[in-house]
Amino acid sequence: MPTIAIVGAGPGLGLSIARVFGAEGFEVALIARRESTLAEMVASLSAADITAAAYPADILDRPSLVRAFKDIAANHDPVEVLEFSPAPRGPQPGMVLAGPLEVSVANVQPHLDFYVHGAITATGQVLPDMIERGSGTLLFTTGPCSVSPTPAMGNVGIACAALRNWVLNLHDALADKGVYAAHVPLSFAPDDTDPATIAPHYWQIHERGEGPEHVLSPETLHTRRNPSSL
Ligand SMILES: NC(=O)c1ccc[n+]([C@@H]2O[C@H](COP(=O)([O-])OP(=O)(O)OC[C@H]3O[C@@H](n4cnc5c(N)ncnc54)[C@H](OP(=O)(O)O)[C@@H]3O)[C@@H](O)[C@H]2O)c1
């Protein structure tokens, strides 16, 4: 049974993606910090006959993230899909927002650690095996500031744009290796859109395995209401 590892798996988008891939026959490995929330998600997925397991880890504590992937490798078939979509909504040390004039090394670094170093660390745990197998999908979710400069997110945008840049390069570098990497910028205000309407698009993006970037916005979700037409 293929495995999807969701890094930054919460009750919003992460759970919805887990449901969609689980319904398609994937086992689900959920990574986030709060064990109680993860346990609720596992129970909810189990009730839908989806095999899921929790791997508590903090993206900002890289050894814990590496350990989570080692445990996933020990307990599941190979990770066929890695989906990276953490949302720093809870307490995160030093993760403040700063406009362009307030940007400093100190307030950019935590976002680089979170988005860029987190994604690189997670990818490093699965990519060598994917390349060896000649199959796998890597999907990285960010918000609109990765693509369009957003003044209120001057520091976050630096990190998200850097992540996007790496993923677009990764997509090209993996093109002849059977591994697909794509960036998925979500362009809506938080909580504006039901994640259950977003998640099926991730399945279609994975299934088609085409294109380095898929912008999901109210307009594209509307025009792509039937994900099979993606
Ligand atoms: N929802 C929207 O409308 C919207 C809009 C724009 C962009 N986005 C993007 O969509 C993605 C998902 O958003 P969502 O809120 O719906 O996701 P979600 O899957 O409901 O939650 C994401 C989870 O990330 C986890 N997380 C936060 N910090 C972490 C850390 N240091 N280490 C490990 N896990 C961590 C949190 O769990 P713990 O606290 O338990 O760690 C949180 O529950 C994000 O990339 C977000 O930027 C969403």
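The rules we used
- Residues numbered from 1 in each chain as written.
- Predicted model: local features only at pLDDT ≥ 70, side-chain atom pairs only at ≥ 80, totals over all residues.
- Heavy atoms only, no water.
- Helix = DSSP H or I, 4+ residues; strand = E, 2+ residues; numbered from the N terminus.
- Rg over C-alpha atoms; globule rule 2.2 N^0.38 Å.
- Buried < 20%, exposed > 50% of the residue type's maximum accessible area, 1.4 Å probe, protein only.
- Areas by Shrake-Rupley, 256 points an atom, 1.4 Å probe, with all protein chains shown as cover.
- Lys, Arg positive; Asp, Glu negative; His and termini not counted.
- Charge placed at Lys NZ, Arg CZ, Asp CG, Glu CD.
- Core = buried A, V, L, I, M, F, W, Y, C linked by side-chain atoms within 4.5 Å.
- Contact = heavy atoms within 4.5 Å.
- Near = heavy atom within 4 Å.
- Polar contact = N/O pair within 3.5 Å; in protein donor to acceptor, adjacent residues only side chain to side chain.
- 1 Å grid on protein atoms, 1.4 Å probe; cavity = no way out; pocket = protein on both sides within 12 Å on 5 of 7 lines; lining within 4 Å.
- Sits in = over half its atoms within 2 Å of the grid points.
- Nonpolar A, V, L, I, M, F, W, Y, C, P; charged D, E, K, R; others polar.
- Salt bridge = Lys/Arg side-chain N within 4 Å of Asp/Glu carboxyl O.
- Pairing = 2+ DSSP bridges.
- Axes fitted to C-alpha atoms, helices over the stretch in contact; angles between N-to-C directions.

Okay, the overall build of the protein next. Secondary structure assignment for the protein yields seven helices and six strands. Radius of gyration (C-alpha) of the protein: 17 Å, near the 17 Å computed for a compact globule of 230 residues. In terms of overall dimensions, the protein has C-alpha extents of about 50 × 40 × 35 Å along its principal axes. In the protein, which comprises 230 residues, the share counted as buried stands at 49%. On the protein, roughly 10,400 Å² of surface is accessible, and the fraction owed to carbon and sulfur atoms is 56%. Within the protein, the 24 negative side-chain charges are centred at a point lying 2 Å from the centre of the 13 positive side-chain charges.

With that out of the way, let us pick up the nonpolar core. Counting 36 residues, the largest nonpolar core has Val 7, Ile 31, Phe 69 and Leu 138 as its most contacted members. Listed by contribution, the elements that provide at least two residues to this core are β1 (3-7), β2 (27-31), α3 (62-75), β4 (79-84), α4 (105-133), β5 (136-142), α5 (154-173) and β6 (179-185). With eight residues, α4 is the largest single contributor of residues to this core. Residues in contact with Phe 69, not counting those within four places in the same chain, are Ala 5, Val 7, Ile 31, Leu 82, Ala 122, Gln 125 and Val 126. If you look at the next biggest cluster of nonpolar residues, it comprises 33 residues, including Ile 17, Ala 32, Leu 38 and Leu 139.

Quick look at the site of the ligand now. Around the ligand, the structure places 25 residues, and the nearest of them are Gly 12, Gly 14, Arg 33, Asp 58 and Gln 92. Contacts to the ligand include Gly 14, whose backbone N or O atom sits 2.8 Å from an oxygen atom. Look at the ligand: alone it shows 890 Å² of surface, and the protein chains cover 91% of it. More than half of the atoms of the ligand fall within 2 Å of the grid points belonging to the largest pocket. Grouping the constituent residues of the shell around the ligand by class yields 13 nonpolar, seven polar and five charged.

Attention now goes to the pattern of salt bridges. This model, assessed by the stated rule, comprises five salt bridges. Glu 80 is paired through a salt bridge with Arg 133; the nearest N and O atoms lie 2.9 Å apart. Here Glu 80, found in strand β4, pairs with Arg 133, found in helix α4; they are 53 residues apart in sequence, far enough to count as distant. Relative accessible area serves as the criterion here: at 19%, Glu 80 is assigned to the buried category. Residue Arg 133 is classed as partly exposed on the basis of its relative accessible area of 30%. Overlapping salt bridges bring together Glu 80, Asp 129 and Arg 133 as one network.

Reading across from one edge, β3-β2-β1-β4-β5-β6 is the order of the six strands in this open sheet, with parallel pairing throughout. Where the open sheet ends on each side, the last strands, each with one partner, are β3 (52-54) and β6. Recorded for the sheet is a direction-independent mean angle of 15° between the axes of neighbouring strands. Where β1 and β2 come together, five bridges link them in parallel fashion. Pairing of Ile 4 across the sheet is with Val 28, part of β2. Helix-sheet contacts for helix α1 (residues 13-23) involve β1, β2, β4 and β5, and the interaxial angle to β1 is about 175°.

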